[in-house]
There are 2 protein chains.
Amino acid sequence: MRITLIGSGNVATHLGAALKNAGHYIVQVYSRNQQNAALLAYHLKADAIDDLMMVSAETDLFIISTSDSVIDSVASQLAVHQKPIVHTSGATPIQVLLKYTEHAGVFYPLQTFSKIREVNFSMVPLCIEGAYEDLTAMLKELAYTISSNVSEVNSAQRKRLHLAAVFACNFPNYLYNIAQELLATHQLDFNLMRPLILETAEKVQFQLPAKVQTGPAIRNDKNTMDAHIHLLDNEPVLKEIYELLSQCIIKMGEGQYRVE
Amino acid sequence: MRITLIGSGNVATHLGAALKNAGHYIVQVYSRNQQNAALLAYHLKADAIDDLMMVSAETDLFIISTSDSVIDSVASQLAVHQKPIVHTSGATPIQVLLKYTEHAGVFYPLQTFSKIREVNFSMVPLCIEGAYEDLTAMLKELAYTISSNVSEVNSAQRKRLHLAAVFACNFPNYLYNIAQELLATHQLDFNLMRPLILETAEKVQFQLPAKVQTGPAIRNDKNTMDAHIHLLDNEPVLKEIYELLSQCIIKMGEGQYRVE
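Okay, so let's go over this structure. (Residues numbered from 1 in each chain as written. Chains lettered and ligands numbered in written order. Predicted model: local features only at pLDDT ≥ 70, side-chain atom pairs only at ≥ 80, totals over all residues. Heavy atoms only, no water.)

As for the packing of helix 7 (residues 194-203) of chain A against helix 6 (residues 155-184) of chain B
At their nearest, the axes of helix 7 of chain A and helix 6 of chain B sit 9 Å apart, and the two run at 15° to each other. The angle between the axes of helix 7 of chain A and helix 6 of chain B places the two elements in the roughly parallel class. As for the relative orientation of helix 7 of chain A and helix 6 of chain B, their crossing is right-handed in sense. In this structure, helix 7 of chain A contributes Leu196(A), Ile197(A), Thr200(A) and Ala201(A) to the contact, and helix 6 of chain B contributes Ala165(B), Ala168(B), Cys169(B), Asn173(B) and Tyr176(B). Its residues assigned to classes, the contact of helix 7 of chain A with helix 6 of chain B shows seven nonpolar, two polar and no charged. (Axes fitted to C-alpha atoms, helices over the stretch in contact; angles between N-to-C directions. Helix = DSSP H or I, 4+ residues; strand = E, 2+ residues; numbered from the N terminus. Parallel < 35°, antiparallel > 145°, perpendicular 65-115°, else oblique. Left-handed = near helix turned anticlockwise from the far one by under 90°. Contact = heavy atoms within 4.5 Å. Nonpolar A, V, L, I, M, F, W, Y, C, P; charged D, E, K, R; others polar.)

Structure (structure tokens):
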């Protein structure tokens, strides 16, 4: 397929590489920033543009991987070409595109991307939505050329997935950061924590998290929790996080608390 | 070495297996519960006992892997044999053992263990403390027979490590549980979340967490955060967690917040 990438951030970079490697032809890469456009276009053997007026109609699909706030205005400018337009956002409903084109879809890779780190795209869940059946089928076919993990997900479900991903990814990463800072202030190496972090994530690859919860809260070990809270006397925010999450885990242990 | 295991829980099970595999001789396994003692003793080709009066003095080391609350009373009963006694707890200072014996130490494996899951012990950080130099050296030597990741860590540092481990392991696992429940209530498969969880943990194996933070909060994307909070209208506790952690990440992004 001939594909035009709008955006040059983390998602555009990794998705573009995966599509290129699967044999697709990347026509153009657009970024407001000409340097960013040129860098990604160079890797993808595509043309770089920094003006949406220069977009070529000789393409089969526009993929918008910009920040959520500009998807609307970008889509309004691309619609004139009457080609399918998808975005890659977890948080944006398909309706934003449907305002401008009937050929609207979503191609949402449920993964965390950093430019500095390679991602094995073949394992990345791709959540597909199309405005009509033929478009959905076309997008799924494209998705299967780069990943074996493809699902149809509507906008309401995708919003929920995106919320869950914040709990499963962004918040844990921030908690890793707290751990790292707690160690650094006592000259302890974060390497001591890394195997534990990895094992915690690996455990839930085959188990449900509730089945493998460990630590003082699930045992309702008040002595240890009190000692920990005392260590956080000078860290009111960390103390608040510790107490709030521990209370939840204690309730989980008692079987009281369930998300409705 | 001849080693006596006091306890038959997750740590005793995995540590016992690693020691046995490294060629050490497990003399006895004690548990209050005779069946638990017998099961682990069977795997370790050791004798099972359910009464501390039956402990044999023909051993080189007692390893106490019980719950924290009984370490004190167990140690008081083992001291009569005048053999080295270590515990495996992150939260308990060496002083608890020093009340009863000068041959006191700590052998703390910094990992999360479940009986249902094999652990590659050779990567587990072992945090060692001994009451005197020769004992520390002996414990480090023993530790190196089962792991390549051995550190000397005193009781104050170990307490800090244990606290950090709660933030890096127990709390993230609970957040995975929230994600799983958020999906389950909308008939979405937790498998969609698993690659993301693993990648999040793998990312920080070579980077510091602060360098790879992603998500709406670090971008200070208020629209997305507001939409998420709205989705949690009927989940006041989840909303509180979402708001608290997001505020912290926003501050991290602004470079304002640091653990003192």
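Some points on the pattern of salt bridges
All names here are of chain A. Scanning the entire structure with this criterion turns up 14 salt bridges over all chains. Put simply, Lys99 and Asp72 hold a salt bridge, and the shortest N to O gap is 2.4 Å. Separated by 27 residues along the polypeptide, Lys99 in the loop between helix 4 (95-98) and strand 6 (104-109) and Asp72 in helix 3 (residues 68-78) bring together distant segments of the chain. Residue Lys99 is classed as exposed on the basis of its relative accessible area, which comes to 53%. A salt bridge links Arg219 to Asp221; the shortest N-O distance between them is 3.4 Å. The structure contains a network of salt bridges with shared partners spanning Arg2, Glu58 and Asp60. (Salt bridge = Lys/Arg side-chain N within 4 Å of Asp/Glu carboxyl O. Buried < 20%, exposed > 50% of the residue type's maximum accessible area, 1.4 Å probe, protein only.)

Quick notes on the layout of surface pockets
By volume, the largest pocket amounts to about 1,200 Å³. Broken down by secondary-structure element, the contributors of at least two residues to the lining of the largest pocket are helix 1 (10-21), helix 3, strand 6 and helix 6 (155-184) of chain A together with helix 8 (222-231) of chain B. Take the lining of the largest pocket: its biggest share by element is seven residues, from helix 3 of chain A. Of the residues contributing to the lining of the largest pocket, the split by class is 19 nonpolar, 23 polar and six charged. The space that makes up the second largest pocket amounts to roughly 1,000 Å³. Around the second largest pocket sit 45 residues that line it, and Arg219(A), Val11(B), Ser65(B), Thr66(B) and Ser67(B) are the ones nearest its centre. For the lining of the second largest pocket, the elements supplying multiple residues, two or more each, are helix 1 (10-21), helix 3 (68-78), strand 6 (104-109) and helix 6 of chain B. Partitioned by chemical class, the residues of the lining of the second largest pocket number 19 nonpolar, 22 polar and four charged. (1 Å grid on protein atoms, 1.4 Å probe; cavity = no way out; pocket = protein on both sides within 12 Å on 5 of 7 lines; lining within 4 Å. Points joined across faces, edges and corners; volume = space filled by probe spheres on them.)

Let's talk about empty space enclosed by the protein
Here the structure, examined in full by the defined rule, presents two cavities of 30 Å³ or more. By volume, the largest cavity is sized at about 40 Å³. Elements represented by at least two residues in the lining of the largest cavity include exactly helix 9 (236-253) of chain A together with helix 6 of chain B. In this structure, the second largest cavity encloses a volume near 30 Å³. In terms of lining, the second largest cavity is formed by Thr200(A), Lys203(A), Val212(A), Thr214(A), Thr112(B), Cys169(B) and Asn173(B). Every element with two or more residues in the lining of the second largest cavity is listed here: helix 7 of chain A together with helix 6 of chain B.

Quick notes on the sheet that holds strand 1 (residues 2-6) of chain A
Residues and elements named next belong to chain A. Taken in spatial order, the eight strands line up as 3-2-1-4-5-6-7-8 in an open sheet, and their pairing is mixed. Of all strands in the sheet, those bounded by a partner on one side alone are strand 3 (47-49) and strand 8 (150-152). For this sheet, the mean inter-axis angle between neighbouring strands, taken without regard to orientation, is 25°. Both strand 6 and strand 7 (residues 126-130) contribute to a ladder of five bridges, which runs antiparallel. Following the sheet pairing, Val106 is matched in strand 7 by Glu129. (Pairing = 2+ DSSP bridges.)

Describing the side chain of Ser56(A)
Residues and elements named next belong to chain A. Topologically, Ser56 is positioned in the loop between strand 3 and strand 4 (61-64). A distance of 2.9 Å separates a polar side-chain atom of Ser56 from the backbone nitrogen of Glu58. Other than its neighbours up to four places away in sequence, Ser56 contacts Gln28 and Phe62. (Polar contact = N/O pair within 3.5 Å; in protein donor to acceptor, adjacent residues only side chain to side chain.)

What to know about the sheet that holds strand 1 (residues 2-6) of chain B
To summarise the sheet geometry, strands pair through backbone hydrogen bonds and adopt either a parallel or an antiparallel arrangement. All names here are of chain B. Taken in spatial order, the eight strands of this open sheet run 3-2-1-4-5-6-7-8, and their pairing is mixed. Looking at which strands have only one partner, the edges of the open sheet turn out to be strand 3 (47-49) and strand 8 (150-152). Going from strand to strand, the sheet's axes swing by 25° on average, the running direction of each strand aside. Relative to strand 2 (residues 25-30), strand 1 runs parallel, the two sharing four bridges. Across the sheet, residue Arg2 finds its bridge partner in strand 2, namely Tyr25. Its contacts with the sheet place helix 5 (residues 133-144) against strand 1, strand 4 (61-64), strand 5 (85-87), strand 6, strand 7 (126-130) and strand 8, and it is angled at close to 160° to strand 7.

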